[in-house]
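Now for the letters of each chain:
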Amino acid sequence: MNGLDLLEALLGRARAAGADAADAVLVAGTSLGVARRLGRVEHLERSEGRDLGLRVFVGRCSAIVSASSIDPAGFAALAERAVAMARVVPEDPYSALADPVPPANAGPLELEDPAEPDADALIARAAAAEEAALAVPGVTNTEGAEAGFGRTELHLATSRGFAGRYVRTSHSVSATALAGGGTGMQRDYDFSSAVHLEDLEDAAAIGRSAGERAIARLGPRRPATARLPVLFDPRVAGSLLGHLAGAINGAAVARGTSFLKEKLGSRIFPAGLAVHDDPLRRRGLRSRPFDAEGLPTAPRAVIEDGVLTTWLLDLRSARQLGMASTGHAARGVGGPPGPSPTNFYLAPGRLTPAELMEDVRLGLYVTEMMGMGVNAVTGDYSRGAAGFMIRDGALAEPVAEITIAGTLPEMFAHLTPANDLRFRRGTDAPTLRVEGMTLAGA
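Note that the coordinates shown come from a computational prediction; the quantities given were computed from them, not determined experimentally.

K.L.:
Give me the lowdown on the overall build of the protein chain, citing residues and values where you can.
P.N.:
The number of helices and strands found in the protein chain is nine helices and 19 strands. For 442 residues, the compact-globule estimate of 2.2 N^0.38 gives 22 Å, and the C-alpha radius of gyration of the protein chain, at 24 Å, lies within 12% of that figure. With the principal axes as the frame, the protein chain shows a C-alpha extent of 70 × 55 × 40 Å. The buried share of the protein chain, reckoned over its 442 residues, is 49%.

K.L.:
Give a description of the sheet that holds strand E5 (residues 163–179) that names residues and reports values.
P.N.:
Taking strand neighbours across the sheet as the criterion, the six strands line up as E3-E2-E1-E4-E5-E6 in an open arrangement whose pairing is antiparallel. Two strands bound the open sheet, and with one partner strand each, they are strand E3 (61–67) and strand E6 (186–194). Each neighbouring strand pair of the sheet contributes to a mean axis angle of 20°, computed without reference to strand direction. Taken together, the seven bridges between strand E2 (residues 40–58) and E3 define a ladder with antiparallel strand orientation. Bridge pairing links Leu52 to Ala67 in E3. Packed onto the sheet, helix H1 (residues 3–16) meets strand E1 (21–37), E2, strand E4 (139–158) and E5 and runs at close to 140° relative to E1. Each of E1, E2, E4 and E5 is contacted by helix H3 (residues 119–134), which is oriented at about 140° to E4, the strand it contacts most.

K.L.:
Would you mind going over the environment of Ala301 in detail, with residue names and values included?
P.N.:
Its location among the elements puts Ala301 in strand E9 (residues 300–304). Look at Ala301 and you get partly exposed, because its relative accessible area is 23%. For Ala301, the contacting residues outside a window of four places in its chain are Val275, His276 and Thr309.

K.L.:
For the nonpolar core, give the residues involved together with the corresponding values.
P.N.:
If you look at the biggest cluster of nonpolar residues, it comprises 45 residues, and the most contacted ones within it are Phe232, Leu244, Phe269 and Leu364. Tallying contributions element by element places helix H5 (residues 234–247) first for this core, with seven residues. Within the second largest apolar cluster, 23 residues are counted, among which are Ala24, Leu26, Leu78 and Ala79.

K.L.:
Tell me about the pairing of E9, and name the residues and values.
P.N.:
Across three bridges, the pairing between strand E8 (residues 275–277) and E9 is antiparallel. Its bridge partner being in E9, Val275 is matched across the sheet by Ile303. For E9 and strand E10 (residues 307–308), the ladder comprises two bridges, and the chain directions are antiparallel. When the sheet's bridge partners are listed, Ile303 is paired in E10 with Leu308.

K.L.:
Residues and numbers for the side chain of Thr342, please.
P.N.:
Looking at where Thr342 falls in the secondary structure, it is placed in the loop between strand E12 (338–339) and strand E13 (344–346). Engagement of the side chain of Thr342 in a polar contact is seen with the side chain of Asp277, the distance being 2.7 Å. Ignoring any residue separated from it by four or fewer positions in sequence, one finds Thr342 in contact with Asp277, Asp278, Pro279, Arg286, Arg288 and Gly426.

K.L.:
Let's hear about the packing of aromatic side chains: which residues, and what values?
P.N.:
Counting across every chain of the model gives five aromatic pairs. With a centroid separation of 6.3 Å and an interplanar angle of 35°, the aromatic rings of Phe259 and Phe412 are classed as tilted. Taken as a pair, Phe259 in the loop between helix H6 (250–255) and E8 and Phe412 in helix H9 (residues 408–413) lie far apart in primary sequence, 153 residues in all. When its relative accessible area of 13% is taken as the criterion, Phe259 is described as buried. Residue classification places Phe412 among the buried positions, given a relative accessible area of 2%. When the centroid spacing of 5.0 Å and the interplanar angle of 45° are considered together, the rings of Phe269 and Phe412 count as tilted. In this pair, Phe269 sits in the loop between H6 and E8 while Phe412 sits in helix H9, placing the two residues 143 residues apart along the sequence. The same class applies to Phe269 and to Phe412, which are both buried. An aromatic cluster of three or more residues is present, and its members are Phe162, Tyr166 and Phe290. A cation over an aromatic ring shows up here: Arg281 above the ring of Phe423, its NZ or CZ 3.9 Å from the ring centre. The ring of Phe191 carries Arg424 above its face, with NZ or CZ at 5.2 Å from the centroid.

K.L.:
Describe the sheet that holds E8, and please don't skip the residues or the numbers.
P.N.:
One open sheet holds the five strands; their spatial order is E10-E9-E8-E13-E18, and the pairing between them is mixed. Unpaired on one side and paired on the other, E10 and strand E18 (427–428) mark the two borders of the sheet. Of the strand pairs in this sheet, E8 and E13 are connected by three bridges, and their pairing is antiparallel. Directly across from Asp277, in E13, lies its bridge partner Phe344. The sheet contacts of H5 involve E8, E9, E13 and E18, and relative to E13 the element is tilted by about 120°.

About the cut-offs
Residues numbered from 1 in each chain as written. Predicted model: local features only at pLDDT ≥ 70, side-chain atom pairs only at ≥ 80, totals over all residues. Heavy atoms only, no water. Helix = DSSP H or I, 4+ residues; strand = E, 2+ residues; numbered from the N terminus. Rg over C-alpha atoms; globule rule 2.2 N^0.38 Å. Buried < 20%, exposed > 50% of the residue type's maximum accessible area, 1.4 Å probe, protein only. Pairing = 2+ DSSP bridges. Axes fitted to C-alpha atoms, helices over the stretch in contact; angles between N-to-C directions. Contact = heavy atoms within 4.5 Å. Core = buried A, V, L, I, M, F, W, Y, C linked by side-chain atoms within 4.5 Å. Polar contact = N/O pair within 3.5 Å; in protein donor to acceptor, adjacent residues only side chain to side chain. Phe/Tyr/Trp six-rings, centres within 6.5 Å; stacked < 30°, edge-to-face > 60°. Lys NZ or Arg CZ within 6 Å of the ring centre and 35° of its normal.

As structure tokens, then:
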């Protein structure tokens, strides 16, 4: 039986056990990964697995069961256990299945690379990255390099008539380099991930970048406390978008635990700025033709001309807020759906990063962040950071052991994007400049 046939059989067992409605998800995954350090393969692992999740509804009560053994002979017992659980839990007036919706014409998403690399190919990729890092003058050691491949196949079926499947592959390479020695040693990294191998960045370039970043961080200072403009390197700028995604998550809004809960339709970013969520981006790391409740997905401008236009909603949070789902439900096999972004990004601006900092007499360029000192209810923001000072419009000495602080509403209202957006993580932003932050140093 193929995946959808298995789910249809399981749904039939759920109805026979007394469920009024049900949905089921099957996730089959294959992964191969290698870690190499100082010329030796330290770790090589291949894994394969299939996991099954069943959610049943009895009236307004629901329960979820999961299994890693996919045996149709056990479906009756699995369904009976789920129905028995649903009969003893409290009612939830907001949880239910989606009504069938005609699928959108998503076009070819190209989420599956048919070529699967073998272990030798991954070892060669990791070797190229590490050797390039070690070749950078001043690099004294590495924490190694890694390369990987993964393939995930998802099937979803509901008793309302939806049945869908998609496959996503992934290729990755990373390297971590060490420079200097003793207490003055510094480390840094770089990585790349892509759905198709041909889109993966060159492994040697990744290793070289890791080495050069580590060298640049040698001899950091701890600057004096100041209030100044802060520029976020693209690899940390995406974290600001992550805080935005959390604040517009429908579940948080419905609970009243978001600092943006009263801001729908308000300008929260500067005029002209846009933030997009695009589940249909070709070869996108988080692209998908339908969400975890079987609803079609569609691109949205979450922020348009600086104005917050929508929440990210699944069916449950949408019902709580008296709205319609935006097709952002995500789930695993062992839990209920919840809202989650897909390919979430801030549209680039017009200035280069150099132009963005050329009028900064004294500022900070952040390349690494530590800690999670962000209050999702108030928007207060305080995180450890490292990077470089900006002096007279140019990068200067490296700095570390500092904290940057502000509030997310003020940071959102006073940010400017550069033009260097690259899709590398799933939540992506170009270099960002934020005015008026507090640097707590010496």
